[in-house]
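Per-entry structural report
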Amino acid sequence: MYRQDVLDEAGIEMPANPTWDEVAEIARTVDSDDMAGICLRGKPGWGDLGASFTTVLNTFGATWWSANDDGTIGEAQIDQPEFKTALEFYTGLLADAGEDDAANASFNECLAQYRDGKVAMWYDATVAAGLLEADDSPVQGMNGYAMAPVVETESSGWLWSWALAIPQNSPDPDTAWEFISWATGPEYIAAAGDLISGGWAAIPPGTRLSTYELPEYQEAAAAFADQTLAAMDAAPIDSPGTTPRPGLPGVQYVGVPEFQDVGNRCTEEFSGVIAGRTNVDDALSACQDIASQAVS
Amino acid sequence: MTIEAAAVPVGGGAAARPRDEFRRPWRLRLPLLPALVFTILVTQVPFVMSIWYSLTNWKIVPPTPRKFVGLDNYGKLLDDRFFRDAAWVSVTMTVSAVLLSLVLGTLLALLLDRQFFGQGFVRTLLITPFLIMPVVAGLIWKNQMLNGLYGVLNWVLERVGIDSIEFVSRYPRGSIIAVLVWQWTPFMMLIVLAGLQSQSSEVLEASKVDGASAFGTFRQLTLPHLRSYLELGALLGTVYLIQVFDHVAVMTGGGRESTNLPYFVYQRSIGGGWVFGRASAYSIVVVVTSIIVATVALRVLSRLLKGEEIA
């Protein structure tokens, strides 16, 4: 997601399928005292910094762990050169052209800064587009959208969902099911467009294909609807990187039980690099120990 | 001593014999038994279970059969750099927060001990930070005071021409200590104030008549008098602050400079690590060392302040 007006003013055009090098160059060019070049997640947490950064390390050809022949979790791979290149790229870009207090920023912080006009670009989930183009957004109509940047892989980006479930001890599972069916169904989408303050653009994207056939949505979400579908299609959930890895399918996380703890503690280290408290080598060596301990 | 002396005449004489049955220690203590059993059930049983867990390799994700491994977990503990880091954070965080809040609390108590207009109101205001929930205090400080973009502190700094500082990201431990001090200074203040108000005014007047300076009076008379109050404050403060968890969880969510032992044990167990065996060993070590440290520290402190009294 990027500010079309800012890039136009700088005479830059964003490619439809950019590489990370191209994005980094644009970020460094448009970066100024008043507006950061790009907003990337830097807050510790496997689902915060861990999500954004894992997509980057995937496309740089790195992986958290190798996979054994049967697909189970193998050795920790944090000490590999590709991982280091990816981390140096990510933290270097944030140092040169990142948002203020990057070590504390995740989705919500970046959303606030982008809507405040404090950043020119933002790499995050497609759901953000609807919030930027909502009726109550100060940057409505000022944005362009491109595919997730790549390096070694064909495509990057991620896929995630939030789900509802009925507990086994629910006193009334039928009503619960009725509610869930309604809340995730086309009826809700049709009703929400007129009711929520952000208007049609801000309704939940990517939950149903039928949403994209509604004329109201096609009109309100013209800027990003096709891009959202394309990004979901392209998310490389079965083969996110260049080498075999455990925990597939999964892009921005490793689908193994060890990842929650390792992701949390390693991103604490990486966030320390972003904050300037530690350096890349220290963080990587700590993270290699954490990831090795988890599988020992 | 006085109680025993008083008990003798009552218990003497043949008429008192049947009542002696009721005076037997076990009868007197009987009503306390339910409370004792309850306390043992909720504190000691889990503790013994933790000791047992710490001798196993229990890990629930991925589910692994529990196996007795002896002292293996304890052996690995010293090699674990992350445990050492967390231990060091715990020590520095607790010691600096306790000392700073004791000093600030004493200063505030000295001020509050004087008569002035609106004393009650000021005292209430000063106590307020202690009444705020730790999670709320952590969040308020992180988002409203220390935040690099929207924080009050940075707003002030910018007014005087200093670039904004991202306190929590840059100085995670210092930021947490600052909030702890802010919350615990009122507690120390209350304890020291109680000490000050129990000081006899005659002694103070006598020292004034003898021509002692204000500082001399404080050093030679007030401080020795406050000794037991300061000890109490330090002990209670240490006991509470060594288990700080909320501030770490909401302000930084951990990290090399802010993960203290309680947060580390949480991370390694229900916080996503799921290695209950090893995490139990960590917590056992923490409990035992804190008891030792608290005992030793209290003795040293006590001797230190006693020396002052003699001098």
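Let me sum up the structure you'll find in this document.

The rules behind each value
- Residues numbered from 1 in each chain as written.
- Chains lettered and ligands numbered in written order.
- Predicted model: local features only at pLDDT ≥ 70, side-chain atom pairs only at ≥ 80, totals over all residues.
- Heavy atoms only, no water.
- Helix = DSSP H or I, 4+ residues; strand = E, 2+ residues; numbered from the N terminus.
- Contact = heavy atoms within 4.5 Å.
- Buried < 20%, exposed > 50% of the residue type's maximum accessible area, 1.4 Å probe, protein only.
- Arc of directions from axis to C-beta.
- Disulfide = S-S within 2.5 Å.
- Patch = residues over 30% accessible without salt bridge, like charges linked within 9 Å, V, L, I, M, F, W, Y side chains within 5 Å.
- Areas by Shrake-Rupley, 256 points an atom, 1.4 Å probe, with all protein chains shown as cover.
- Salt bridge = Lys/Arg side-chain N within 4 Å of Asp/Glu carboxyl O.

**A look at the side chain of Thr278(A)**
- As for its placement among the helices and strands, Thr278(A) is situated in the loop between helix H11 (259-275) and helix H12 (280-295).
- In this structure Thr278(A) touches Glu269(A), Gly272(A), Val273(A), Ala283(A) and Arg256(B), once residues within four positions along its chain are discounted.

**Here's the deal with helix H8 (residues 186-195) of chain A**
Residue and element names in this part refer to chain A.
- Those residues of H8 that sit buried are Ile189, Ala192 and Gly193. Seen end-on, H8 carries its buried residues on one side only, within an arc spanning 105°. For H8, the exposed residues lying more than 90 degrees away from the buried face are Glu187, Asp194 and Leu195.

**Notes on the state of the cysteines**
Residue and element names in this part refer to chain A.
- What the rule picks out here adds up to 2 disulfides over all chains.
- The partner cysteine of Cys39 in its disulfide is Cys110, sulfur to sulfur 2.2 Å. Taking the sign of the S-S torsion, about -85° here, the bridge from Cys39 to Cys110 comes out left-handed. With a gap of 71 residues between them, Cys39 in the loop between helix H2 (20-30) and helix H3 (49-59) and Cys110 in helix H5 (residues 107-115) connect regions that are remote in the sequence. Taken individually, Cys39 and Cys110 each receive the classification buried, so the pair is uniform in this respect.
- With its sulfur 2.2 Å from that of its partner, Cys266 forms a disulfide with Cys287. Its S-S torsion of approximately 100° makes the covalent link between Cys266 and Cys287 right-handed. Of this pair, Cys266 sits in helix H11 while Cys287 sits in helix H12, placing them 21 residues apart in sequence.

**Considerations on a nonpolar patch on the surface**
Residue and element names in this part refer to chain B.
- A grouping of Trp26, Leu30, Leu33, Leu36, Val37, Phe38, Ile40, Leu41, Val42, Val45 and Met49 is seen on the molecular surface, where their side chains present a nonpolar patch of about 1000 Å² in accessible area.
- With 9 residues, helix H4 (residues 33-54) is the largest single contributor of residues to the nonpolar patch.
- Among the secondary structure elements, Leu41 is positioned in helix H4.

Shape descriptors only; they carry no functional weight alone.
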